[in-house]
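# Topology and contacts: notes
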Amino acid sequence: MQPFTQINGLVIPLNRPNVDTDAIIPKQYLKSIHRTGFGENLFDDWRYVDPGEPYMDHTKRRINPDFVLNQERYSNGEILLAQENYGCGSSREHAVWAMVNFGIRVVIAPSFADIFYGNTLNNGLLAITLPPEIIDQLFAEVEAAPGYRLQVDLTEKTITTPTGREIKFVIEEYRRHRLLNGLDDIGMTLLHAAEIRAYEATRRCQAPWLFDAR
């Protein structure tokens, strides 16, 4: 998993509450268990006018020009600004995969659905919770200023606006440590590989019959 330290990224404003995981990545694209290839279907039903299916040529579909991801001023954005209860609905991890595949490294919202928030940790997506009044102010600033960027520093736990205003955010130290070091659940387990091998060697001596393959 790619470590996260800091980013200076273009902000994409998605100003609607209760964005569920079926909107983030529709159900027909959940057939793959690989973590790649979902970016082109992020917010698929909102990005395109006509329905989509797996393995079709999405470049030939009609796009919705009114949807934020299709607007030139927000192309190549890396920070998604959202509203409350982002990522609600079913527990599909594909929703986070789609965001990361698209190039989004940070999502900022007043609140997140619990399972979605948990899934961000194992995929290197930094989810930041801020008070609603700050979120609304950021939306106003983004919409008023094309090319609006935020600098997000996980080491210092700060967000800096183009005017130099610094916003502090809170994150659990366990989550911060894992993101800074690019550690998913497997990575965390491998940190204890030597201890695991030592335990297995001791156990083999204590109960050799458990390891007899005959």
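Residues numbered from 1 in each chain as written. Predicted model: local features only at pLDDT ≥ 70, side-chain atom pairs only at ≥ 80, totals over all residues. Heavy atoms only, no water.

## Looking at the overall build of the protein
- Scanning the protein from N- to C-terminus turns up eight helices and seven strands.
- Over its C-alpha atoms, taken along the principal directions, the protein stretches across nearly 70 × 45 × 25 Å.
- Counting the 214 residues in the protein, one finds 45% classified as buried.
- Surface accessibility of the protein: about 11,500 Å² in total, with carbon and sulfur atoms responsible for 53%. (Helix = DSSP H or I, 4+ residues; strand = E, 2+ residues; numbered from the N terminus. Buried < 20%, exposed > 50% of the residue type's maximum accessible area, 1.4 Å probe, protein only. Areas by Shrake-Rupley, 256 points an atom, 1.4 Å probe, with all protein chains shown as cover.)

## What to know about the pattern of salt bridges
- According to the stated counting rule, one finds six salt bridges in the structure shown.
- D22 is paired through a salt bridge with R92; the nearest N and O atoms lie 3.0 Å apart. In this pair, D22 sits in helix α1 (residues 21–24) while R92 sits in the loop between β2 (79–81) and α3 (94–102), placing the two residues 70 residues apart along the sequence.
- A relative accessible area of 16% means that R92 is categorised as buried.
- Notably, a salt bridge pairs D44 with R61, separated by 2.9 Å at the nearest N-O pair. Of the two residues, D44 sits in helix α2 (residues 44–47) while R61 sits in the loop between α2 and β2, which places them 17 residues apart along the sequence. (Salt bridge = Lys/Arg side-chain N within 4 Å of Asp/Glu carboxyl O.)

## A short note on the layout of surface pockets
- Space inside the largest pocket adds up to approximately 190 Å³.
- Of the residues in the lining of the largest pocket, the class split is five nonpolar, six polar and two charged. (1 Å grid on protein atoms, 1.4 Å probe; cavity = no way out; pocket = protein on both sides within 12 Å on 5 of 7 lines; lining within 4 Å. Points joined across faces, edges and corners; volume = space filled by probe spheres on them. Nonpolar A, V, L, I, M, F, W, Y, C, P; charged D, E, K, R; others polar.)

## Things to note about the nonpolar core
- Counting residues in each nonpolar core, the largest one holds 56 residues, and the members touching the most others are F43, Y86, M99, I108 and F116.
- Among the elements that make up this core, the one with the highest residue count is α3 (five residues). (Core = buried A, V, L, I, M, F, W, Y, C linked by side-chain atoms within 4.5 Å.)

## Observations regarding the sheet that holds strand β6 (residues 158–160)
- In spatial order, the strands read β4-β3-β2-β1-β5-β6-β7; together these seven strands make up an open sheet with mixed pairing. Pairing within the sheet leaves two strands with one partner each, and these edge strands are β4 (126–129) and β7 (166–168). Across the sheet, the mean angle separating the axes of adjacent strands is 25 degrees when strand polarity is ignored. (Pairing = 2+ DSSP bridges. Axes fitted to C-alpha atoms, helices over the stretch in contact; angles between N-to-C directions.)

In short, shape yes, function no, at least from these values alone.
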